[in-house]
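# Report on the structure
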Amino acid sequence: MRAPPGLVRLLAARGWGRSPRRCLGGMDRYGTEQRGRPNSPDYRLYFKNADGKYISPFHDIPLFAGSKEDKEIPAKRSKTTGSETWEDPNHTDNTTGCCGDNDPIDVCEIGSKIRSSGEIVQVKVLGVLALVDEGETDWKIIAISVDDPEAQKIHDIDDVKKHKPGYLEATVDWFRLYKVPDGKPENRFAFNGEFKDKDFAVEIIKSTHEYWKALLHKKADGGTIKCTNVLVSGSPFCCSEEDARLIVQSAPVSVNGDSVSPEVDSWHFFPK
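Model, not experiment: these values are computed from the prediction. (Residues numbered from 1 in each chain as written. Predicted model: local features only at pLDDT ≥ 70, side-chain atom pairs only at ≥ 80, totals over all residues. Heavy atoms only, no water.)

### Some thoughts on the overall build of the chain
The secondary structure content of the chain amounts to five helices and ten strands. For the chain, with 272 residues in total, the buried portion stands at 49%. Sequence separation of 24 or more characterises 63% of the internal contacts of the chain that already satisfy a separation of 6 or more. Summed over its atoms, the accessible surface of the chain is roughly 13700 Å², and 50% of this surface lies on carbon and sulfur atoms. (Helix = DSSP H or I, 4+ residues; strand = E, 2+ residues; numbered from the N terminus. Buried < 20%, exposed > 50% of the residue type's maximum accessible area, 1.4 Å probe, protein only. Contact = heavy atoms within 4.5 Å. Areas by Shrake-Rupley, 256 points an atom, 1.4 Å probe, with all protein chains shown as cover.)

Below, the structure written as C-alpha cells:
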C-alpha cells in the first residue's frame, strides 16, 4: 500500500529520505552528523547544537519553540516525533484504556514541503488521532509547519477538513492498514477514529511532557529506553559533553550507502 503524501515523509527516519543538512529558519541552531551506512541498520543521525556540541534530540531540544506559546512545538524529522515527550508504558490512559508505547509522541506534519532527515521544524498543533497499535496508545499529533504557505489559514482540525478534503480519512486508512502487509492485524483507534481538536491535542502534549520529566528524573521506569542527555538540569542521566562526543565517536564512521531494496516500492491492495 502507499502512504498519503504527508505520511511518506515519516520514513526519513533511518536514512531512506534526502541527505541531512542544517535546518533553516527559526530552528537553524541545530545540525546533524551522519554515522554508519545509509539504508542499513547501523545508520544513525546525531544532533548538534549551535556550538557544535552533541545533544539528544529526544531530551535536549525544548518542547516549546522559543516562547511560552503552548500550541507551537518543534518536530524532528528523524522519525517525526515531538521532543521532550514520552508515552508512559506504565500509565493506562483514561481515554484509550491502554498504556503508552514507550516512545515520544509522533507528529504528522501535513505541510507542502519535503523535509530532510533530521530537520527540526517548528509546527502549529492542529489536532490528534488516538491510534491503538498492538494494544498500546500511540498518539498521532496532526500539525503544520509554521512557515508553510497554508499555515495562515489552517488553525484547527476542522480547517484541515475544509482545506484538505479527504486528507484525514486517508491518514486513518493508512494507519489502520500499514502493518497488514507484514501479516499483522489492522490497527484500531480510540474515539472510533475521530480526530480530536487542537485543545485536546495540547493537553496530550502537556501530559506526555510531564511523563517525560518523571522519566528523566528517575521517577518513572522507562525500561531500556535511552535517557542520556546533556542539558536537562538535575537529571541523573545527564552526561558531560566529552561523554556525548565519545558516544558518537564509538558509532561506525559514515560511508556510502547501498541502494534501497526494490521491495520498499511494492504495492499492496486491500478489499473494501
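Anyway, onward from the coordinates.
### A short note on the pattern of salt bridges
Throughout the structure, instances matching the rule amount to 19 salt bridges. Measuring nitrogen to oxygen at the nearest pair gives 3.0 Å for the salt bridge that ties Glu 241 to Lys 53. Here the residue Glu 241 occupies a position in helix α5 (residues 241-249), and Lys 53 occupies one in the loop between β2 (44-48) and β3 (54-55), the gap between them amounting to 188 residues. On the basis of relative accessible area, Glu 241 is assigned to the partly exposed category, the value being 44%. The partner of Lys 179 in a salt bridge is Glu 134, with the nearest N and O atoms 3.0 Å apart. Residue Lys 179 is located in the loop between α3 (167-177) and β9 (188-189), and its partner Glu 134 is located in the loop between β7 (120-133) and β8 (136-145); the two are separated by 45 residues in the primary sequence. Exposure remark for Lys 179: the relative accessible area of 14% places this residue in the buried category. A relative accessible area of 53% means that Glu 134 is categorised as exposed. Each of Lys 113, Arg 115, Glu 119 and Asp 147 takes part in salt bridges that share partners, so that together they form one network. (Salt bridge = Lys/Arg side-chain N within 4 Å of Asp/Glu carboxyl O.)

### As for the packing of aromatic side chains
Two numbers describe a pair of aromatic rings. These are the distance of the centres and the angle of the planes. Applying the stated criterion across every chain, the model contains six aromatic pairs. Measuring from centroid to centroid gives 5.2 Å for Trp 174 and Phe 175, while their planes differ by 75°, and the two rings are edge-to-face. You can call Trp 174 buried: its relative accessible area is 13%. On the basis of an interplanar angle of 85° and a centroid distance of 5.7 Å, the ring pair of Phe 191 and Phe 200 is categorised as edge-to-face. We classify Phe 200 as partly exposed; its relative accessible area is 23%. One aromatic cluster is present, formed by Trp 139, Phe 191 and Phe 200 through successive ring pairs. Residue placement shows Lys 164 over the ring face of Tyr 167; its charged tip is 5.7 Å from the ring centre. In this structure, Lys 196 is placed above the aromatic ring of Phe 200, and the distance from its NZ or CZ to the ring centre is 5.6 Å. (Phe/Tyr/Trp six-rings, centres within 6.5 Å; stacked < 30°, edge-to-face > 60°. Lys NZ or Arg CZ within 6 Å of the ring centre and 35° of its normal.)

### Comments concerning the environment of His 163
For His 163, the position within the fold is in helix α2 (residues 157-163). Between the C-alpha atom of His 163 and that of Lys 153, which follows or precedes it by ten residues, the distance is 8.4 Å. Excluding its chain neighbours within four sequence positions, the residues that come into contact with His 163 are Lys 153 and Ile 154.

### Looking at the sheet that holds strand β1 (residues 31-35)
The strand order β1-β2-β3 describes an open sheet built from three strands, whose pairing is antiparallel. Each end of this open sheet is capped by a strand with a single partner; those strands are β1 and β3. Looking at chain direction, β1 and β2 are connected through five bridges and run antiparallel. Bridge pairing in β2 places Gln 34 opposite Leu 45. (Pairing = 2+ DSSP bridges.)

### Observations regarding the nonpolar core
One finds Ile 110, Leu 126, Ile 142, Val 160, Phe 175 and Phe 195 to be the most contacted residues of the largest nonpolar core, which totals 18 residues. At the level of secondary structure, the elements contributing two or more residues to this core comprise β7, β8, α2 and α3. Among residues more than four places away in sequence, those in contact with Ile 142 are Cys 108, Ile 110, Lys 124, Val 125, Leu 126, Gly 127, Val 128, Ile 157 and Phe 195. Counting 16 residues, the second-largest nonpolar core is a separate cluster that includes Val 107, Ala 190, Ala 201 and Ile 205. (Core = buried A, V, L, I, M, F, W, Y, C linked by side-chain atoms within 4.5 Å.)

### So, the pairing of strand β6 (residues 106-109)
Every second residue of β6 is oriented toward a common face, with Asp 106 and Cys 108 on one face and Val 107 and Glu 109 on the other, all of them buried. Inspection of the sheet shows β6 paired to β8 by four bridges, in the parallel sense. Bridging across to β8, Asp 106 finds its partner in Lys 140.

### Observations regarding the environment of Ser 233
Its location among the elements puts Ser 233 in the loop between α4 (198-216) and α5. Sequence separation between Ser 233 and His 217 is 16 residues, and the spatial gap between their C-alpha atoms is 9.3 Å.

### Describing the environment of Glu 87
On the secondary structure map, Glu 87 appears in the loop between β5 (81-82) and β6. Apart from residues no more than four positions distant in its own chain, Glu 87 is found in contact with Gly 100, Asp 101, Asn 102, Asp 103, Pro 104, Ile 105, Thr 137, Asp 138, Trp 139 and Thr 208.

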